[in-house]
Amino acid sequence: MPSRVVVPLDGSPAAEAALPVALGLARALGAAVELVHVHDVPISATSARAGLLGVAEAAAAQRAEREATLGALAERLRQAGGGAAAPSVHPVVLQGSDATDALLAHLAHAPVAPDAATAPGAGAARTVVVMTTHARGLLARSVLGSVADRLAREADVPVVLVPPAADGVAAPGTGAATAPWTLRRALVPIDGSAVAREILERLTALPELHGVEVLLLQVLVPTGVGGLVPPTAMLDAEALDEEVDAARTTLDAAAGRLAERGFPARAEVVVAADVAGAIVERARTAGADLIAMASRGHGGLRRLALGSTADAVVRRAHRPVLLVHPRR
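Residues numbered from 1 in each chain as written. Predicted model: local features only at pLDDT ≥ 70, side-chain atom pairs only at ≥ 80, totals over all residues. Heavy atoms only, no water.

Caption draft 1: Representation of the pattern of salt bridges. Taken as a whole and assessed by the stated rule, the structure comprises 17 salt bridges. Of the charged contacts in the structure, one is a salt bridge between Glu67 and Arg63, with a shortest N-O distance of 3.1 Å. Of this pair, Glu67 and Arg63 both sit in helix α4 (residues 55–79), 4 residues apart, which is roughly one turn of the helix. For Arg63, a relative accessible area of 25% gives the class partly exposed. Among the ionic pairs, Arg316 bridges to Asp274, the shortest N-O distance being 2.7 Å. Of this pair, Arg316 sits in helix α10 (residues 306–316) while Asp274 sits in the loop between β8 (265–271) and α9 (275–286); the two residues are 42 residues apart in sequence, bridging distant segments of the chain. Classification of Asp274 as partly exposed rests on a relative accessible area of 37%. A single salt-bridge network, built from bridges that share partners, covers Asp98, Asp101, Asp149, Arg150, Arg153 and Glu154. (Salt bridge = Lys/Arg side-chain N within 4 Å of Asp/Glu carboxyl O. Helix = DSSP H or I, 4+ residues; strand = E, 2+ residues; numbered from the N terminus. Buried < 20%, exposed > 50% of the residue type's maximum accessible area, 1.4 Å probe, protein only.)

Caption draft 2: Representation of the confidence of the model for the chain. Looking at the chain as a whole, its pLDDT mean stands at 79, while 72% of the residues score no less than 70. Within the chain, helix α3 (residues 47–53) has the poorest average pLDDT of any element, 54, and α9 the best, 96. Note on residues 135–143: pLDDT is under 50 here. Beyond four places in sequence and across chains, it has 26 contacts. (pLDDT = per-residue confidence, 0-100. Contact = heavy atoms within 4.5 Å.)

Caption draft 3: Structural context of the pairing of strand β4 (residues 127–132). Of all 6 residues in β4, 6 are buried; the element is thus mostly enclosed. Here β4 shows no split at all, with Thr127, Val129 and Met131 on one side and Val128, Val130 and Thr132 on the other all buried. Two strands pair when backbone bridges link them, and β4 and strand β5 (residues 159–162) are joined in this way by 4 bridges, in the parallel orientation. Following the sheet pairing, Thr132 is matched in β5 by Val162. (Pairing = 2+ DSSP bridges.)

Caption draft 4: Spotlight on the environment of Val269. Assignment of secondary structure puts Val269 in strand β8. A residue is classified by how much of its surface remains accessible, and Val269, at 11% relative accessible area, is buried. When the C-alpha atoms of Val269 and Asp245 are compared, they prove to be 8.5 Å apart, with 24 residues separating the residues in sequence. Ignoring any residue separated from it by four or fewer positions in sequence, one finds Val269 in contact with Gln218, Leu220, Val244, Ala247, Arg248 and Leu251.

Caption draft 5: Molecular detail of the sheet that holds strand β10 (residues 321–324). One open sheet holds the 10 strands; their spatial order is β3-β2-β1-β4-β5-β10-β9-β6-β7-β8, and the pairing between them is mixed. Edge positions in the sheet fall to β3 (89–95) and β8, since each has one partner strand and no second. Across this sheet, the average inter-strand angle for adjacent strands is 25°, counted without regard to direction. Across 5 bridges, strand β1 (residues 4–8) lies against strand β2 (residues 32–39) in parallel orientation. In the strand pairing of β2, Val6 is matched with Glu34. Sheet strands in contact with helix α5 (residues 99–107) are β1, β2, β3 and β4, and its direction is about 145° off that of β2. Taken strand by strand, helix α6 (residues 146–154) contacts β1, β4, β5 and β10, and its axis lies near 155° from that of β4. (Axes fitted to C-alpha atoms, helices over the stretch in contact; angles between N-to-C directions.)

Here is the structure:
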């Protein structure tokens with residue numbers, strides 16, 4: 001069971017939009033919440049204060065301000081948490097010139113929360129990260145933002161990316177920090193690979209999530225290579241029907257195994273040239289609270305390549321996306 005949900009924050013309302021999802025997951029998993037801010041004080045940014053107080057004193061004063069702000073937010077979340085079932089919330093201020101490096105180092109260590117397990121070096125195995133994709137100052141390399149992008153690629157822990165104005169998640173400035181979010185239904189794209197199936201193993205290993213409805217979705221690309229469908233392509237309807245039937249049989253069996261382990265599940269197979277678009281649209285029409293997918297996968301020419309699709313899903317989804325790395 002994950003013992004902590006880590007929420008990177010930069011002081012902006014956009015970053016705090018991830019808090020409802022983080023609190024909802026923590027409540028479901030019985031985990032603590034860590035509100036994490038990486039404190040970096042370039043001398044050039046504090047030259048006036050540094051001249052009066054000295055560089056070390058100025059840095060310490062600014063860090064104290066960050067700690068006070070984060071502490072106040074943690075207290076507000078604790079008071080609005082909903083009684084005994086509310087997760088514990090702990091502010092954490094890190095020091096580092098590179099925010100992502102500091103966060104990755106923090107994720108590799110045991111939780112700081114006093115009510116969480118503290119075995120040295122075991123922190124990553126008990127952690128999930130929840131963050132927005134458009135926090136202030138994080139838009140260097142991609143639509144994910146440099147910090148979210150690197151954490152999604154490099155962290156050895158599951159990462160939940162919350163898009164701006166996500167469906168079912170309160171917008172910044174409208175009570176986002178305390179508005180409830182509950183995981184009731186998850187859409188899980190499957191491509192037939194061992195990597196993609198691993199996410200189901202991770203899910204069923206969490207008895208705290210029993211009762212969450214799971215929709216298994218496999219997207220088959222009708223023809224072409226790399227998901228590109230030539231306009232003049234002639235589809236072999238009979239062969240495609242056979243592939244759809246085979247995929248549905250496999251997914252139905254997987255859904256049955258999930259149901260036996262306490263997860264109501266159903267399976268769907270769709271044919272579409274736009275794999276990411278099919279995933280995003282089905283999540284919308286199914287009312288999924290979360291899209292949970294492997295960060296990379298593999299399959300045949302007609303099968304969904306999760307690794308090449310995950311980024312597109314995050315870009316286009318209007319709901320949180322959970323990315324799970326395959327075990328090494």
